[in-house]
Amino acid sequence: SESSTVTVPKVGKVSSLKATAQSKALKLTWKKSSSISGYEIQYSISKNFTSVKTVKVSKSKTGYTIKKLKGSKKYYVRICAYKNYTDELG
């Protein structure tokens, strides 16, 4: 039987994240990460992220504005960098 080893690539972390409240919007800014494919932003009014909305942002961006938010609500936001890679095992 053949055995193979899979090495999980390291993905850069998102750093210096800042959130600025606007009128029914939230402006996010962060420091650019290297060797990534993009960013994934998730936001919800539930701290458990039960009804989450997800947005993907290109790797060249260092900010994003979430619009059409409801007033007088507390929003929870999380962001992560991701990397796409291909299977070379065939």
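Residues numbered from 1 in each chain as written. Predicted model: local features only at pLDDT ≥ 70, side-chain atom pairs only at ≥ 80, totals over all residues. Heavy atoms only, no water.

Looking at the overall build of the protein
Phase 1 of the analysis: Of regular secondary structure, the protein possesses 0 helices and 6 strands.
Phase 2 of the analysis: As displayed, the protein has an accessible area near 7100 Å², and 47% of this comes from carbon and sulfur atoms. (Helix = DSSP H or I, 4+ residues; strand = E, 2+ residues; numbered from the N terminus. Areas by Shrake-Rupley, 256 points an atom, 1.4 Å probe, with all protein chains shown as cover.)

Digging into the confidence of the model for the protein
Phase 1 of the analysis: Overall, the prediction assigns the protein a mean pLDDT of 86, with 89% of residues at 70 or greater.
Phase 2 of the analysis: Least confident of the elements in the protein is strand S1 (residues 15–22), whose mean pLDDT is 90; most confident is strand S5 (residues 63–66), at 95. (pLDDT = per-residue confidence, 0-100.)

Topic: the sheet that holds S5
Phase 1 of the analysis: If you trace the 3 strands from one edge of the open sheet to the other, you get S1-S2-S5, paired in antiparallel fashion. Whereas interior strands pair on both sides, the edge strands pair on one side only; in this sheet they are S1 and S5. Put simply, the sheet's adjacent strands are angled 15° from each other on average, direction ignored.
Phase 2 of the analysis: Note: S1 against strand S2 (residues 25–31), 6 bridges, orientation antiparallel. Following the sheet pairing, Gln 22 is matched in S2 by Ala 25. (Pairing = 2+ DSSP bridges. Axes fitted to C-alpha atoms, helices over the stretch in contact; angles between N-to-C directions.)

So, the environment of Ser 23
Phase 1 of the analysis: As for its position among the elements, Ser 23 is in the loop between S1 and S2.
Phase 2 of the analysis: Of the residues examined, Ser 23 reaches a relative accessible area of 72% and is grouped as exposed.
Phase 3 of the analysis: Along the chain, Ser 23 and Lys 70 lie 47 residues apart, while their C-alpha atoms are 9.4 Å from each other. (Buried < 20%, exposed > 50% of the residue type's maximum accessible area, 1.4 Å probe, protein only.)

A word on the nonpolar core
Phase 1 of the analysis: Counting 13 residues, the largest nonpolar core has Leu 28, Trp 30, Tyr 39, Ile 41, Val 57 and Ile 66 as the members making the most contacts within it.
Phase 2 of the analysis: When residues of this core are traced back to their parent elements, those giving at least two are S2, strand S3 (38–44), strand S4 (53–58) and strand S6 (76–82). (Core = buried A, V, L, I, M, F, W, Y, C linked by side-chain atoms within 4.5 Å.)

Things to note about the side chain of Ser 44
Phase 1 of the analysis: By the element assignment, Ser 44 lies in strand S3.
Phase 2 of the analysis: By relative accessible area, which is 2% here, Ser 44 ends up buried.
Phase 3 of the analysis: A distance of 3.4 Å separates a polar side-chain atom of Ser 44 from the backbone oxygen of Ser 51.
Phase 4 of the analysis: Apart from residues no more than four positions distant in its own chain, Ser 44 is found in contact with Phe 49, Thr 50, Ser 51, Val 52, Lys 74, Tyr 75 and Tyr 76. (Polar contact = N/O pair within 3.5 Å; in protein donor to acceptor, adjacent residues only side chain to side chain. Contact = heavy atoms within 4.5 Å.)

A few points about unusual backbone geometry
What is expected of a backbone is that most residues other than glycine have negative phi and most peptide bonds are trans.
Phase 1 of the analysis: In the Ramachandran plot, Lys 24 falls in the positive-phi region, its phi being about 55° despite a non-glycine side chain.
Phase 2 of the analysis: Mapped onto the elements, Lys 24 comes out in the loop between S1 and S2.
Phase 3 of the analysis: According to the relative accessible area criterion, Lys 24 is exposed, its value standing at 55%.

Notes on the sheet that holds S6
Phase 1 of the analysis: The 3 strands lie next to each other as S4-S3-S6, forming an open sheet whose pairing is antiparallel. This sheet does not close on itself; its edge strands, each paired only once, are S4 and S6. In this sheet, adjacent strand axes meet at a mean angle of 20° when their direction is disregarded.
Phase 2 of the analysis: For S3 and S6, the ladder comprises 7 bridges, and the chain directions are antiparallel. Counterpart to Gly 38 in the pairing with S6 is Tyr 82.

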